[in-house]
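# Structural description and commentary
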Amino acid sequence: GNSGQILSTNGNGQLVFVNNVAGGQSSETVEDIVTGDGIQTEFTFPSGTIVTVKETILLFIDGVSQPLSTFTLPTTTSISITPAPFNGAEIKILHLGIMQSGLASGSSNFVEDLFVGASGQTDFTLTEEAPTKETILVYVDGVSQSTQTYSLPNLTTIRFVNAPLTNSSIRVLHLGIATNGNSTV
């Protein structure tokens with residue numbers, strides 16, 4: 001095989017070298033940056049990265065994380081954002097490069113939990129198990145949270161050190177990363 005290739009089976013016991021891709025994406029993290037004009041909603045990936053599963057990318061507009069519901073993939077090399085990012089907005093598209101083989105058992109897509117902060121509430125119930133802090137990304141009002149700001153007292157609960165503000169938007173993105181028996185990535 002060549003550099004960057006992996007061994008794969010055709011299901012009949014024959015092993016062949018193939019390019020290390022899944023969901024149309026390479027195993028490398030790629031960052032695309034484009035600029036909004038207040039009108040355009042569809043943007044071609046400058047890197048030419050091919051994406052078939054939208055959950056394998058993170059979208060930021062002026063540094064603020066955007067929920068999955070704000071964008072679609074009209075083609076494998078473009079993203080459509082609703083509403084149109086304002087004139088001069090920096091649009092960062094981060095292709096995570098997570099391979100199907102690295103996803104947790106039974107998971108081919110990321111799972112997104114959305115919550116709204118309530119007065120004094122620190123615990124929120126997750127829809128998927130999160131065995132370690134490294135298997136999730138956490139945002140409050142679009143701002144990425146350090147792993148020091150929360151804990152995981154059990155597999156399906158996230159506990160914030162300080163309660164998010166009332167009516168704040170809380171997003172937990174499960175990366176779908178498989179763990180070994182020690183719950184390490």
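Everything quoted here is computed from the prediction, not taken from an experiment.

### So, the overall build of the chain
Each helix and strand in the chain was counted, giving 0 helices and 18 strands. Burial statistics for the chain: of 185 residues in total, 36% are counted as buried. Pairs at least 24 apart in sequence give 68% of the contacts found in the chain among residues at least 6 apart. When the accessible surface of the chain is totalled, it reaches about 9,800 Å², and 50% of it is carbon and sulfur.

### Observations concerning the sheet that holds strand β14 (residues 136–140)
Pairing within the open sheet is antiparallel, and its 4 strands lie in the order β12-β18-β14-β15. Only two strands of the sheet have a single partner each, and these edge strands are β12 (111–116) and β15 (143–144). Relative to strand β18 (residues 169–174), β12 runs antiparallel, the two sharing 6 bridges. Looking at β18, one finds that Phe115 is bridged to Ile170.

### Let's talk about the pattern of salt bridges
Counted by the stated rule, this structure contains 3 salt bridges. Glu112 serves as the salt-bridge partner of Arg171, at 2.6 Å between the closest nitrogen and oxygen. Residue Arg171 is located in strand β18, and its partner Glu112 is located in strand β12; the two are separated by 59 residues in the primary sequence. Its salt-bridge partner being Asp123, residue Arg159 comes within 2.8 Å of it at the nearest N-O pair. Residue Arg159 is located in strand β17 (residues 157–160), and its partner Asp123 is located in strand β13 (residues 123–125); the two are separated by 36 residues in the primary sequence. Since its relative accessible area comes to 36%, Arg159 is described here as partly exposed.

### Re the environment of Val30
Looking at the element boundaries, Val30 is found in strand β5 (residues 30–35). Considering only alpha carbons, one finds Val30 and Thr49, 19 residues apart in sequence, at a separation of 7.8 Å. Residues in contact with Val30, not counting those within four places in the same chain, are Ser47, Thr49, Ile93, Leu94 and His95.

### Some details on the sheet that holds strand β6 (residues 42–44)
Pairing in this open sheet of 3 strands is antiparallel, and the strands run β6-β10-β9 from one edge to the other. Every other strand in the sheet has two partners, leaving β6 and β9 (71–75) as the edge strands with one partner each. For this sheet the average axis-to-axis angle between neighbouring strands, irrespective of direction, equals 30°. Strand direction decides the pairing type here: β6 and strand β10 (residues 78–81), joined by 3 bridges, are antiparallel. Across the sheet, residue Thr44 finds its bridge partner in β10, namely Ser78.

### Quick look at the nonpolar core
Core analysis: the largest hydrophobic core is formed by 14 residues, its most contacted members being Leu59, Phe71, Ile79, Ile81, Ile91 and Ile93. Listing elements by their share of this core, those giving two or more residues are β7 (57–61), β10 and β11 (90–95). In this structure, Ile91 is in contact with Asp32, Ile33, Val34, Thr35, Gly36, Phe43, Leu59, Phe60, Ile81 and Pro85, ignoring residues within four places of it in sequence. Core analysis: the second largest hydrophobic core is formed by 13 residues, Phe115, Phe124, Val138 and Tyr150 among them.

### Details of the packing of aromatic side chains
Enumeration over the complete set of coordinates arrives at 4 aromatic pairs. Among the aromatic residues, those joined into a cluster by ring pairs are Phe115, Phe124, Tyr150 and Phe160. Lying over the aromatic face of Phe71, Lys54 brings its terminal NZ or CZ to 5.2 Å of the ring centre. Of note, Lys133 hangs over the ring of Tyr150, and the distance from its end group to the ring centre comes to 5.6 Å.

Cut-off values and rules
- For every chain, the first residue of the written sequence is number 1, and numbering continues from 1 along that sequence.
- Owing to the predicted nature of the model, reporting of local features is limited to residues with pLDDT of at least 70; listing and counting of side-chain atom pairs is limited to 80 or more, with chain, interface and lining totals taken over all residues.
- The side-chain values count all of the structure's non-hydrogen atoms but skip hydrogen atoms and water molecules.
- A run of H or I in DSSP becomes a helix once it reaches four residues, and a run of E becomes a strand once it reaches two; helices and strands are each numbered from the N terminus.
- Whether a residue is buried, partly exposed or exposed follows from its accessible area with a 1.4 Å probe, protein chains only, as a fraction of its type maximum: under 20%, in between, or over 50%, in that order.
- It only takes one pair of heavy atoms within 4.5 Å for two residues to be counted as in contact.
- Under the convention used here, a 1.4 Å probe and the Shrake-Rupley method define accessible areas, while residue burial counts only the protein chains that appear.
- The pairing criterion is simple: DSSP has to find at least two bridges between the two strands.
- Put simply, a salt bridge is a Lys or Arg side-chain nitrogen that is within 4 Å of an Asp or Glu carboxyl oxygen.
- For helices, the fitted line uses only the C-alpha atoms of the stretch in contact; every axis is such a line through C-alpha atoms, and the angle between N-to-C directions lies from 0 to 180 degrees.
- Among buried residues, those of type Ala, Val, Leu, Ile, Met, Phe, Trp, Tyr and Cys that are joined through side-chain atoms within 4.5 Å constitute a nonpolar core.
- For this analysis, a ring pair means two rings from Phe, Tyr or Trp (six-membered ring only for Trp) whose centres lie within 6.5 Å, classed as stacked if their planes differ by under 30 degrees, edge-to-face if by over 60, and tilted for the remaining angles.
- Two conditions define a charge located above a ring, namely a distance within 6 Å from the ring centre to NZ of Lys or CZ of Arg, and an angle within 35 degrees of the ring normal.

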